[in-house]
Amino acid sequence: MSTRKEPATSASPAVALARAHLEAWTNHDLDTARGNLAEDVQFFSPAANLVGIDEYMDAPRGLTQFARQVVPGSLRVIAAMGDDRNALIMYEVSTEGGAVGSKVFPTAQTWLLDDNGKIKVERIVSYSAPRAV
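Account for the nonpolar core, naming residues and giving values.
Judged by nonpolar contacts, the single largest core of 32 residues is most densely connected at Trp-25, Tyr-91 and Trp-111. Broken down by secondary-structure element, the contributors of at least two residues to this core are α1 (13-26), α2 (30-35), β1 (37-44), α3 (53-58), α4 (63-67), β4 (86-95), β5 (103-113) and β6 (119-126). It is α1 that contributes the most residues to this core, seven residues altogether. If sequence neighbours within four positions are ignored, Trp-25 has contacts with Leu-30, Ala-33, Leu-63, Phe-66, Ala-67, Val-70 and Tyr-91.

Provide a residue-level description of the environment of Gly-101, including the pertinent values.
With respect to the element layout, Gly-101 can be found in the loop between β4 and β5. Residues contacting Gly-101, with those up to four places away along its chain left out, are Gln-69, Thr-95 and Glu-96.

Lay out the pattern of salt bridges in plain terms, naming residues and giving numbers.
Counted according to the given criterion, the structure contains five salt bridges. Asp-54 serves as the salt-bridge partner of Arg-34, at 3.3 Å between the closest nitrogen and oxygen. Taken together, the residues span a long stretch of sequence, with Arg-34 in helix α2 and Asp-54 in helix α3 at a distance of 20 residues. The exposure class assigned to Asp-54 is exposed, which follows from its relative accessible area of 54%. Glu-92 serves as the salt-bridge partner of Arg-76, at 3.3 Å between the closest nitrogen and oxygen. Of this pair, Arg-76 sits in strand β3 (residues 76-82) while Glu-92 sits in strand β4; the two residues are 16 residues apart in sequence, bridging distant segments of the chain. Here Arg-76 falls in the partly exposed class, since its relative accessible area comes to 45%. Look at the salt bridges and you will find they share partners, linking Arg-34, Asp-54 and Asp-58 into a network.

Give me α1: which residues, what numbers.
Here α1 contains 14 residues, and its C-alpha end-to-end distance of 20 Å stays within 8% of the 20 Å for a straight helix at 1.5 Å per residue. Residues of α1 that are buried include every one of Ala-14, Val-15, Leu-17, Ala-18, His-21, Leu-22, Ala-24, Trp-25 and Thr-26, and no others. Positive phi shows up at His-28, right after α1, with a value of about 65°.

Please provide a residue-by-residue account of the packing of aromatic side chains, values included.
Applying the stated criterion across every chain, the model contains three aromatic pairs. Taken together, the aromatic side chains of Trp-25, Phe-66 and Phe-105 make up a single cluster linked through ring pairs.

Account for the side chain of Thr-95, naming residues and giving values.
Considering the arrangement of structural elements, one finds Thr-95 in strand β4. The exposure class assigned to Thr-95 is buried, which follows from its relative accessible area of 0%. A polar contact is formed between the side chain of Thr-95 and the backbone oxygen of Gly-101, at a distance of 2.7 Å.

Rules and cut-offs
- The numbering scheme is per chain: residues are counted from 1 as the chain's sequence reads.
- Whole-chain, interface and lining totals are the exception, using all residues; otherwise, since this is a predicted model, local features are given only for residues with pLDDT of at least 70 and side-chain atom pairs are given and counted only at 80 or more.
- Side-chain measures here rest on the full set of heavy atoms in the structure, leaving out hydrogens and waters.
- Nonpolar core, defined: a set of buried Ala, Val, Leu, Ile, Met, Phe, Trp, Tyr and Cys residues in which side-chain atoms within 4.5 Å join the residues together.
- Residue exposure (1.4 Å probe, protein chains only): buried if accessible area is under 20% of the type maximum, exposed if over 50%, otherwise partly exposed.
- Labels follow the DSSP assignment, with helices taken as runs of H or I lasting at least four residues and strands as runs of E lasting at least two, numbered in each case from the N terminus.
- The criterion used for residue contact is that any of the two residues' heavy atoms lie within 4.5 Å.
- Note on definitions: salt bridges are taken to be side-chain nitrogens of Lys or Arg within 4 Å of carboxyl oxygens of Asp or Glu.
- Helix span, expected: 1.5 Å multiplied by one less than the number of residues in the helix.
- Within 6.5 Å between ring centres, the rings of Phe, Tyr and Trp (the latter by its six-membered ring) count as paired, and their orientation is classed by plane angle as stacked under 30 degrees, edge-to-face over 60, tilted in between.
- Here a polar contact is taken to be a pair of N or O atoms separated by no more than 3.5 Å, where protein atoms must pair a possible hydrogen donor with a possible acceptor and residues adjacent in sequence count only if both atoms sit in side chains.

Written as structure tokens, this is what we have:
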């Protein structure tokens with residue numbers, strides 16, 4: 001009997017959920033995004049540290065505020081890997097208008113799923129660059 005772990009893959013359950021979550025909020029389907037979250041979800045980013053679904057979604061620096069400025073269909077996944085509970089995805093989205101303005105946001109983000117397959121911890125490192133004219 002081998003104790004060897006399977007290698008991380010882009011087809012893992014955690015990557016599938018993280019990608020579905022990205023697709024949902026970048027296309028303004030915030031109800032689906034909310035449904036992907038554990039009740040006690042924790043979110044860590046340079047802009048905010050949030051705990052719980054309501055803070056994650058609705059705080060002044062929560063997902064809803066940012067997602068509303070994202071251009072639907074602009075999600076471009078650059079790389080993804082993970083296993084049953086962990087995912088790492090590099091992606092970018094474009095924004096228009098609002099407080100953020102017109103930018104491209106390249107991002108590296110990690111997710112940890114709980115025992116029920118919901119997002120328990122999300123960590124993001126991102127930066128923006130002005131869109132080339």
